[in-house]
Structure formats: C-alpha cells, structure tokens
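One-letter residues, chain by chain:
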Amino acid sequence: MISIISEMLQYEFMTRALLVGFLVSLCAALLGVSLVLKRYSMIGDGLSHVGFGTLAIATALGMAPLKLTIPVVVVAAFLLLQLSESNKINGDSAIALISSGSLAIGVMAISITTGMNMEVYNYMFGSILSLSVEDARLSIVLCSAVLVLFIIFYNRIFAITFDETFAKATGTRVKLYNMVIAFLTAITIVLGMRMMGSLLISSLIIFPALSSMQVFKKFRLVVVSAAVLSVCCFFVGMILSYGYGTPSGASVVCVNLVVFVIMTAVGALRRV
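Bear in mind that the values here come from a model prediction, so they are computed numbers and not experimental data.

Calculation rules
- Residues numbered from 1 in each chain as written.
- Predicted model: local features only at pLDDT ≥ 70, side-chain atom pairs only at ≥ 80, totals over all residues.
- Heavy atoms only, no water.
- Helix = DSSP H or I, 4+ residues; strand = E, 2+ residues; numbered from the N terminus.
- Rg over C-alpha atoms; globule rule 2.2 N^0.38 Å.
- Buried < 20%, exposed > 50% of the residue type's maximum accessible area, 1.4 Å probe, protein only.
- Contact = heavy atoms within 4.5 Å.
- Core = buried A, V, L, I, M, F, W, Y, C linked by side-chain atoms within 4.5 Å.
- Expected span 1.5 Å × (residues − 1).
- Salt bridge = Lys/Arg side-chain N within 4 Å of Asp/Glu carboxyl O.
- 1 Å grid on protein atoms, 1.4 Å probe; cavity = no way out; pocket = protein on both sides within 12 Å on 5 of 7 lines; lining within 4 Å.
- Points joined across faces, edges and corners; volume = space filled by probe spheres on them.
- Nonpolar A, V, L, I, M, F, W, Y, C, P; charged D, E, K, R; others polar.
- Phe/Tyr/Trp six-rings, centres within 6.5 Å; stacked < 30°, edge-to-face > 60°.
- Axes fitted to C-alpha atoms, helices over the stretch in contact; angles between N-to-C directions.
- Left-handed = near helix turned anticlockwise from the far one by under 90°.
- Disulfide = S-S within 2.5 Å.

(A) Just the overall build of the protein chain, in detail. The helix and strand inventory of the protein chain stands at 13 helices and zero strands. By the compact-globule yardstick of 19 Å for 272 residues, the protein chain fits well, its C-alpha radius of gyration being 18 Å. Here the C-alpha coordinates of the protein chain stretch approximately 50 × 45 × 30 Å along the principal axes. Expressed as a percentage of the 272 residues in the protein chain, the buried residues total 52%. Taking contacts inside the protein chain between residues at least 6 apart in sequence as the whole, the part at least 24 apart equals 77%.

(B) Spotlight on the nonpolar core. Val 33, Leu 47 and Leu 204 are the most contacted members of the largest nonpolar core, which totals 78 residues. Apart from the residues within four sequence positions on either side, Leu 47 is in contact with Val 73, Ala 76, Ala 77, Leu 80, Thr 185, Ala 186 and Ile 189. Leu 229, Cys 233, Val 255 and Met 263 belong to the second-largest nonpolar core, a separate cluster that totals six residues.

(C) Focus on helix H3 (residues 43-61). Helix length check: H3, at 19 residues, gives a terminal C-alpha distance of 27 Å against a target of 27 Å (1.5 Å per residue), a fit within 8%. Counting buried positions over the 19 residues of H3 gives 16, a clear majority of the element. Immediately downstream of H3, the backbone of Gly 62 shows phi near 75°, a positive value.

(D) Expanded view of the pattern of salt bridges. Counted by the stated rule, this structure contains two salt bridges. Of the charged contacts in the structure, one is a salt bridge between Glu 12 and Arg 16, with a shortest N-O distance of 3.8 Å. With Glu 12 and Arg 16 both in helix H2 (residues 12-37), this residue pair falls four residues apart, about one helical turn.

(E) Representation of empty space enclosed by the protein within the structure. Counted by the stated rule, this structure contains two cavities of 30 Å³ or more. By volume, the largest cavity amounts to about 50 Å³. In terms of lining, the largest cavity is formed by Leu 35, Lys 38, Tyr 40, Ile 43, Ala 77, Leu 81, Asn 178, Ile 181 and Ala 182. Looking at the lining of the largest cavity, the elements with two or more residues in it are helix H4 (65-85) and helix H10 (174-196). Of the residues contributing to the lining of the largest cavity, the split by class is seven nonpolar, one polar and one charged. As for the second largest cavity, its lining consists of Leu 66, Tyr 123, Leu 131, Asp 135, Ser 139, Val 190, Leu 191 and Arg 194. Of all the elements in the fold, those that place two or more residues in the lining of the second largest cavity are helix H7 (133-152) and H10. Counting residues per element, the lining of the second largest cavity draws most heavily on H10, at three residues. Of the residues contributing to the lining of the second largest cavity, the split by class is five nonpolar, one polar and two charged.

(F) Broad picture of the packing of aromatic side chains. This structure, assessed with the given rule, holds ten aromatic pairs. With a centroid separation of 6.3 Å and 70° between ring planes, the pair formed by Phe 207 and Phe 260 is classed as edge-to-face. Of this pair, Phe 207 sits in helix H11 (residues 202-213) while Phe 260 is found in helix H13 (residues 248-271), placing the two residues 53 residues apart along the sequence. What makes Phe 260 partly exposed here is its relative accessible area of 24%. Consider the rings of Phe 234 and Phe 235, whose centres lie 5.3 Å apart with planes at 65°: the pair is edge-to-face. Looking at Phe 234, the relative accessible area reads 0%, which means it is buried. Phe 235 sits in the partly exposed class, given a relative accessible area of 30%.

(G) Spatial organisation of the packing of H2 against helix H12 (residues 219-244). Interaxial distance between H2 and H12 falls to 8 Å at its minimum, and their mutual angle equals 145°. Where H2 crosses over H12, the handedness of that crossing is right-handed. From H2, Met 14, Ala 17, Leu 18, Gly 21, Phe 22, Ser 25, Leu 26, Ala 29, Leu 30, Val 33, Ser 34 and Leu 37 reach across to H12, where they touch Phe 219, Val 222, Val 223, Ala 226, Ala 227, Ser 230, Val 231, Phe 234, Phe 235, Met 238 and Tyr 242. Residue composition of the contact of H2 with H12, by class: 19 nonpolar, four polar and no charged.

(H) The arrangement of the state of the cysteines in detail. This structure, assessed with the given rule, holds zero disulfides. The cysteine Cys 27 is free of any disulfide, with Cys 143 supplying the nearest cysteine sulfur at 4.3 Å. By relative accessible area, Cys 27 is classed as buried at 1%. Residue Cys 232 stays outside any disulfide, its sulfur separated by 7.0 Å from that of Cys 233, the closest cysteine. On the basis of relative accessible area, Cys 232 is assigned to the partly exposed category, the value being 43%.

Here it is, written out as structure tokens:
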C-alpha cells in the first residue's frame, strides 16, 4: 500500500485530487452530522441535482461551470430551506420537487445541445482526476472558508441541531444559522460533484455521520468520528480506485458502505 501511495503522489494531478478530496470529505462529514440529525440529509441529493442541471446548462452555453453553479445552488439551498419550513409543502416533497425538476432541465439542455459528452458524464458520475488547476484552487479556498465558518459557528450549529425551540427561546437567531448550514452545504455539494458525481455526492454527507452515530452518542464525538471516517474512507477509496482502475466516486462510496456495516456491528456489540 505504501508503494501505491508513493506512486500516486508522483503525479501532480493525483496530488491535486487528493488534497481537494480531503477537504471536501472533511466539510461534508462535519455538515452531515447536523443535516442527518435535523432530518435534512436528503438536501444533499436535491442540491446535487440542481448542480447537475446548472452544470449542463453552463456546458451547453460554454460558460465556466463552477462559477455559474455555485450561486445557483446556494439560492436553491435557501429556497429548499424556506419550502421545508412552509406548512404547505413538507421537506421531502420540496426536495423531490426541486431535484427532479432540475435534473429534467439538465437532461433536456444536454439532449438539445452537446449531448452526453465526457465532461457531462464526469459531473454525473464523478471524475476527480479531471480536476483542473483553476478548479482546484477555487475548491481549496472555498473548502477552507467552509471549515472556518463551521468552527466559528459550531456552538450555534450545535444548539439549533438538537432543539430549535429552546435555541430560539434563548435568543439564538435560528433562521439565520439554518441559512448558514444551507449555504455551507451548497458550497460543499458543488465542490464535491467533481469528485463523486451528482448521483453519489449525498453519500459523503450521510454515510460518515450515520456510521459514527452507531457507536458514539455525544455530538462532539460524532462530529470528530465522522470527520476521521470520511477522510480515511476517501483515501482508501482513492487507493482502490488507482490500484484496480475503478471509478473514484463509486470506490469511495463502497468503502463508506463497508465501514457503516462494521460500525453498526460494533455498536450492536457494545449494547449487548
């Protein structure tokens, strides 16, 4: 394994991919704990479909994909949050409404213009090795910003995750911090789509959090465990992908699935 890692690090594109993947995995795991506990875990799936639709339109128009997709997905995240809090449409229905509509628009844009080319395929199924230098720099800057903001607002995020009513009673601006979570999630989803693809990116949010919750109960322990598991699963998945020539996104998800089964077994044994 050490020889494989050394060989991987000899390539500049691979080093770039590992660095960005590390940051995206870390951001997704940290936000995933709050999203899962607040039952917003499928927001990642919804936003990834919005991202795919926007990327398809950007590709068809010859525009820079990330620069167009990030603001659109951020707006979609705020809209999903508003719809989820509405009495007329529940959260699951809101996500299904926006995600299916966005996916349909993306598919229509592709079929009318460029067709299913390699770039669109990469955004759908993931291909972190095609990450450009410019995209890598943008991803590093935005991921760093997400991590800093999460640390700054950690106590507030903790408060609204467990009891929004109590947090509101103590003067916490619940709506504002829910918007912060939605904003950070949107950024992470867009950056992660290059690595995991729009069909698999939500797994980075869900799996590490659920795996950690099988063993740990305290919020801080779950957050730390999810972050460690997410990063480790990413690196193991990338090593398997490099060694066996399998898709990077699918490899990472499969490793996360195995870890979830192991953590579930460990949690069951601890409760015996």
